[in-house]
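One letter stands for each residue in the lines below.
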Amino acid sequence: MRRAALLVFLGLLSWGLVGWAQPGKEYTVPADTTLGAVAQEVFGDSAYAPAIMRATNAKSLADPSFLKVNVLDMKIPAGAKLWIPERTWAEAFIAFWDPNRPEDLFGGGKLVVGSWWTAGGEAEGLNALFEIYGGYYPDVQIVNATIAGGAGFVFRAVIKPRLIAGDPPDTFQLHAGLEVEGYSPETYLTPLDKLFEIEGWTEVLPKDLLDLLLYKGHFWGVPVNIHRANVLWYDRAIFEEYGLTPPENWDEFFTICDKLKAKGVVPFVMGNAGGWEAAHLFETILVSTVGADGYKGLWTGETPWTSEGVTQALEILKKVLDYVNPDYAALSWDGAGEYLIAHKGAMMIMGDWTNGWFMAKGYEDYGWAPVPGTRGIFDALSDTFCLPKRAPNPINALGWLRVCGSKEGQIAFNRLKGSIPARTDLTPEEKALFNPYLQSCMEDFARDAIVPSVIHGAAAIESWVTDFKDAVNLFLATKNVAATQASLVEAAEAALAAMGQ
Amino acid sequence: MRKRRLKGERLVTLLLLLPSVIAVCVFVYGFIGWTGYVSMSNWNQLLPDYTFVGLRNFLKLFAHPRFQIDLRNLAVFTALFLTGSLIIGFLLAVLLDRKVRAEGFFRTIYLYPMSLSFIVTGVVWRWLMNPGSPQMGSTGINLLLEKIGLGFLKSGWYTDPRVGIKAVAVAAIWQMSGYVMAMYLAGLRGIPEELREAARVDGANEWQVYRYVILPLLRPITLGAIIILGHISLKIYDLIVAMTGPGIGFSTDVPAYFMWETTFHANRFAQGAAIAVILLLMVSLLIVPYLIFSVRREAEV
């Protein structure tokens, strides 16, 4: 029943969006003229003529009563119907249109969107974006080119050869932050600085995120959401039964673990079948031992990896391993979550996509807190979409990026995906559309110190992330603190040297 | 007249062969050469960088702790997989060779696992060897052991770093021993009954018949099986992906998996190419002597 009501509501919402999502206005030419003259009249600049041509042609594909403009300097007869796009769209078009590509003046064609969003929640969120896009640009055929695999593990391996071969999709997903280095953006991607300026995104996106998005002085991707990595999830039933409260620091954490272990409950659950989950855990422990600034410094070379905080973090991880479920190597993070749902495991540390998964599972008995020792710190990651240099339909992709950065796009997407919008200009009514966890997450995001997640592509270049992950994976077997710290130091030196190139 | 026709035939043959020769040259040997070239370059980001760095990537690789573990895993896997498949395959062949009833039925059953892809085998054995936990209960083999009162034999299987790759070898043996059986069975059928009779008349017992008559005669089959299983083993990748991934502390990691990760996740294209070259060299150590051997034999025939 509730589901049906939700569907009706979403249907109305998307219908409403389509209803007012007509970017521009109709314009009937009073006397014989040219596009340049029309552009001069409506925009005050004849340079906007190509934008009007593209918008009118796109419109005429759906509604033949509009004029089909064949060449830019065509004579426009009196009484012809044109479509004048909204100003920001026209500006973006002029900024990104390559005059050597007259085919972009005609509208239609495809929009191939590459992403790794195939699971419940995220796939629905992506569809919501498609629906909004379809409302704006009904002439474009959307192709959903997803490749499954957590955190884009497989997707990234497929997209890279395509970029090198010059056969990229029109736009694809990548994590905000230094992950973009792995795509050699100066060669393969288009900088989006002008789009950020035209759309005013530099005003509405938080400064920490903007810093993260800048690579070599340019913006390369449009962020759609924010996820938090440092969340401790716990089963409220177990915590109530044994009179426990969520731990604020690691001493409290281990006291709780000892109590629960004695009762035969698995104190802490994790999975590591994907190979990255333990490194995710270690990242959040690092944040707790070296603090927000110290952690950020680890990735810029300001905090040495030889420091005491890193040693402490490894000692804590080693101790945590005494309390984990014995089958963690065989489970993915969601498989580990089954322990909580069955009330057999008490706590787990995972990003806040867990919230969406719990909801999908119909599990409501969970609580959340920051990872011990990280209250006031928000370990963030963000998904963005970029514009490959050799995108076959760059103008269609441009429209997609505008939808991704728009308020309506972000609200529709994030409510389903279970993340918070990257924009900070939501009204209280708009915030109320989100579930309780996401609302508390938005508050924390506005208040906390933001640090970039490493395992999710924000803090470091990909080769460093791989070395970091490998060091932690080896540690799970050896539990050798000194050797692991040494290999972390070595990885940092190599990566910082490579970045200095 | 006759000579000219021969020449014409030759030309046609050559023309017919040419497309595939060119395709193989470009897409096999050309790419092998290209990979070798990349393996000595400095290509460490998406944008290709063909600066020549000599053998630096190889030296780095052999000093890499993960690669050292991978090589050790590969050695253990290959040794277990080869001996396991050969022994089990041979025993099955000997048993089937005893003119059992419904031999075709058993033969099909033993041979069937080979028709599966390693991905399917991997998924099935991943479930069979699920470690389970006291809280969530056991499944697969551990559950079986529990039910028949052998609970003390329960193991973490592939999740236990001390077992690791050996568990994967079990799955591989399960899949390929039927194939070895089929090869040996064909070989056994080719050995004339008179030879065995003669040995028995000479006073050999059944064990001695196998030890001194059958096994030596089967040597070409054994060699063929080693070559086939050996190159599967050195290239093993899909079974690992489906069954375990690299595992805790890389206990189930192999060079091919490392190659994929380092190339497409760490963007170390040169290092990935170096691993590919090392794999190629290892496989050719196995294949080239075999090719020489078979070419020579063909010449003799």
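Counting restarts for each chain, with residues numbered from 1 along the sequence as it is written. To read the labels, note that chains go from A and ligands from 1, taken in the order they are written. Residues qualify for local features only when their pLDDT is at least 70, as the model is predicted, and side-chain atom pairs are given and counted only at 80 or more; totals for whole chains, interfaces and linings, by contrast, use all residues. To obtain the side-chain values, all non-hydrogen atoms of the structure were included, while hydrogens and water were left out.

> Hey, could you run me through empty space enclosed by the protein in this one?
The method is simple in principle: a probe with the dimensions of a water molecule rolls over the atoms, and the space it marks as empty is what remains. Residues and elements named next belong to chain A. A cavity, in this analysis, means grid points on a 1 Å lattice covering only the protein atoms where a 1.4 Å probe fits yet has no way out; a pocket is instead an open set bounded by protein on both sides within 12 Å along at least five of seven lines, and a residue lines either one if it has an atom within 4 Å of a point. Grid points are joined across faces, edges and corners, and a volume is the space filled by probe spheres set on the points. One pass over the full model with this rule turns up six cavities of 30 Å³ or more. In this structure, the largest cavity is lined by 16 residues; those nearest its centre are Phe153, Arg156, Ile455, Val465 and Lys469. Sort the elements by how many residues they give to the lining of the largest cavity and helix α21 (residues 462-478) lands first, with four residues. For this classification, Asp, Glu, Lys and Arg are treated as charged, while Ala, Val, Leu, Ile, Met, Phe, Trp, Tyr, Cys and Pro are nonpolar and the rest, including Gly, are polar. Looking at the lining of the largest cavity residue by residue, the classes come out as six nonpolar, six polar and four charged. Elements are defined by DSSP. Helices are runs of H or I of four residues or more, strands are runs of E of two residues or more, and each kind is numbered from the N terminus.

> I'm lost on the environment of Ile94 of chain A in this one. Help?
Residues and elements named next belong to chain A. Relative to the elements of secondary structure, Ile94 occurs in helix α4 (residues 87-96). Residue burial is assigned from relative accessible area. The probe radius is 1.4 Å, only protein chains are included, and a residue is buried under 20% of its type maximum, exposed over 50%, and partly exposed in between. Under the relative-accessibility criterion, Ile94 is labelled partly exposed at 30%. Between the C-alpha atom of Ile94 and that of Gly405, which follows or precedes it by 311 residues, the distance is 19 Å. Whether two residues touch is decided by their heavy atoms; if any such pair falls within 4.5 Å, the residues are in contact. With sequence-adjacent residues up to four places away left out, Ile94 is seen in contact with Ala47, Tyr48, Pro50 and Ala51.

> What is the right way to read the nonpolar core from this model?
Nonpolar side chains in soluble globular proteins generally cluster together in the buried interior. Residues and elements named next belong to chain A. The set of buried Ala, Val, Leu, Ile, Met, Phe, Trp, Tyr and Cys residues whose side-chain atoms join them within 4.5 Å is what this entry labels a nonpolar core. With 184 residues, the main nonpolar core has Trp299, Trp305, Met347, Trp400 and Phe468 as its most contacted residues. Per-element accounting of this core gives the leading share, 11 residues, to helix α13 (residues 277-298). With near-sequence residues (within four places) excluded, Met347 lies in contact with Leu232, Trp233, Tyr234, Phe239, Pro247, Phe253, Ile256, Cys257, Pro267, Phe268, Val269 and Leu340.

> What should I look at first to understand the side chain of Thr159 of chain B in this one?
Residue and element names in this part refer to chain B. Residue position: Thr159 is located in the loop between α6 (140-147) and α7 (165-189). Assessed through its relative accessible area of 10%, Thr159 is described here as buried. At 2.6 Å, the side chain of Thr159 forms a polar contact with the backbone oxygen of Gly156. Counting of polar contacts relies on pairs of N or O atoms within 3.5 Å, with two restrictions inside protein: one atom must be capable of donating a hydrogen and the other of accepting it, and residues adjacent in sequence are counted only when both atoms are side-chain atoms.

> For this particular structure, what's the right way to read the pattern of salt bridges?
Where side chains of opposite charge bring their charged atoms close, a pairing between them can arise. Throughout this description, the term salt bridge denotes a Lys or Arg side-chain nitrogen within 4 Å of a carboxyl oxygen of Asp or Glu. Within the structure shown, the criterion is met by 36 salt bridges over all chains. Note that Lys417 of chain A is salt-bridged to Glu122 of chain A, the shortest N-O span being 3.8 Å. With Lys417 of chain A in helix α18 (residues 407-417) and Glu122 of chain A in helix α5 (residues 122-136), the pair connects residues that are 295 residues apart, well separated along the chain. Each member of the pair Lys417 of chain A and Glu122 of chain A is classed as buried. Because the salt bridges share partners, they merge into one network encompassing Lys469 and Asp470 of chain A together with Arg66, Asp253 and Glu261 of chain B.

> Would you mind showing me how to read the pairing of strand β15 (residues 383-386) of chain A here?
Sheet faces and side chains relate simply in a regular strand, where the side chains alternate between the two faces. Residues and elements named next belong to chain A. Side chains Asp383 and Phe385 of β15 all project onto a buried face; the interleaved residues Thr384 and Cys386 project onto the opposite face, where all are buried too. Pairing between two strands requires that DSSP report at least two bridges joining them. Relative to β15, strand β5 (residues 171-175) runs antiparallel, the two sharing four bridges. The partner of His175 across the bridge, within β15, is Asp383. Direction of pairing for strand β8 (residues 221-223) relative to β15: antiparallel, over a ladder of three bridges. Bridged to Val222 within β15 is Phe385.

> How should the side chain of Thr121 of chain B be read in this particular structure?
Residue and element names in this part refer to chain B. With respect to the helices and strands, Thr121 occurs in helix α5 (residues 118-128). Side chain to side chain, Thr121 and Gln175 meet in a polar contact 2.2 Å long. Leaving out residues up to four positions away in the same chain, Thr121 has contacts with Leu116, Ala171, Trp174, Gln175 and Leu239.

> Any chance you could explain the interface of chain A and chain B here in plain terms?
Often, the extent of an interface is quoted as the loss of accessible area on bringing the components together. Taken together, the contacts link 36 residues of chain A with 32 residues of chain B. Surface buried jointly by chain A and chain B totals about 2900 Å² across both partners, of which 62% is contributed by carbon and sulfur atoms. A salt bridge links Asp470 of chain A to Arg66 of chain B; the shortest N-O distance between them is 3.0 Å. Summed over the shared surface of chain A and chain B, the result is 15 residue pairs in polar contact (both at pLDDT 80 or more). Mapped by element, the contributors of at least two residues to the side of chain A that touches chain B are α6 (153-164), α7 (185-188), α15 (333-341) and α21 of chain A. If you tally residues by element for the side of chain A that touches chain B, the top one is α21 of chain A, at 10 residues. The class makeup of the residues in the side of chain A that touches chain B is 19 nonpolar, eight polar and nine charged. For any pair of parts, buried area is found by adding up, for both, the accessible area (1.4 Å probe) each one loses once the two are put together.

> What's the story with the sheet that holds strand β11 (residues 266-269) of chain A in this structure? I'm lost.
Sheet strands pair via backbone hydrogen bonds, and the direction of the pair is either parallel or antiparallel. Residue and element names in this part refer to chain A. Pairing in this open sheet of four strands is mixed, and the strands run β11-β12-β10-β13 from one edge to the other. If you trace the sheet from one side to the other, it starts and ends with β11 and β13 (366-370), each paired once. Pairs of neighbouring strands in the sheet enclose a mean axial angle of 20°, with direction left out of account. Pairing of strand β10 (residues 231-235) with strand β12 (residues 345-349) involves three bridges; the strand directions are antiparallel. Looking at β12, one finds that Tyr234 is bridged to Met347. The strands that helix α12 (residues 250-262) touches are β10, β11 and β12; relative to β12, the one it contacts most, it runs at about 150°. Only C-alpha atoms enter the line fits that serve as axes; for helices the fit covers just the stretch in contact. Angles between N-to-C directions range over 0 to 180 degrees. Against the sheet, α15 touches β10, β11 and β12, its axis set at about 150° to β12.

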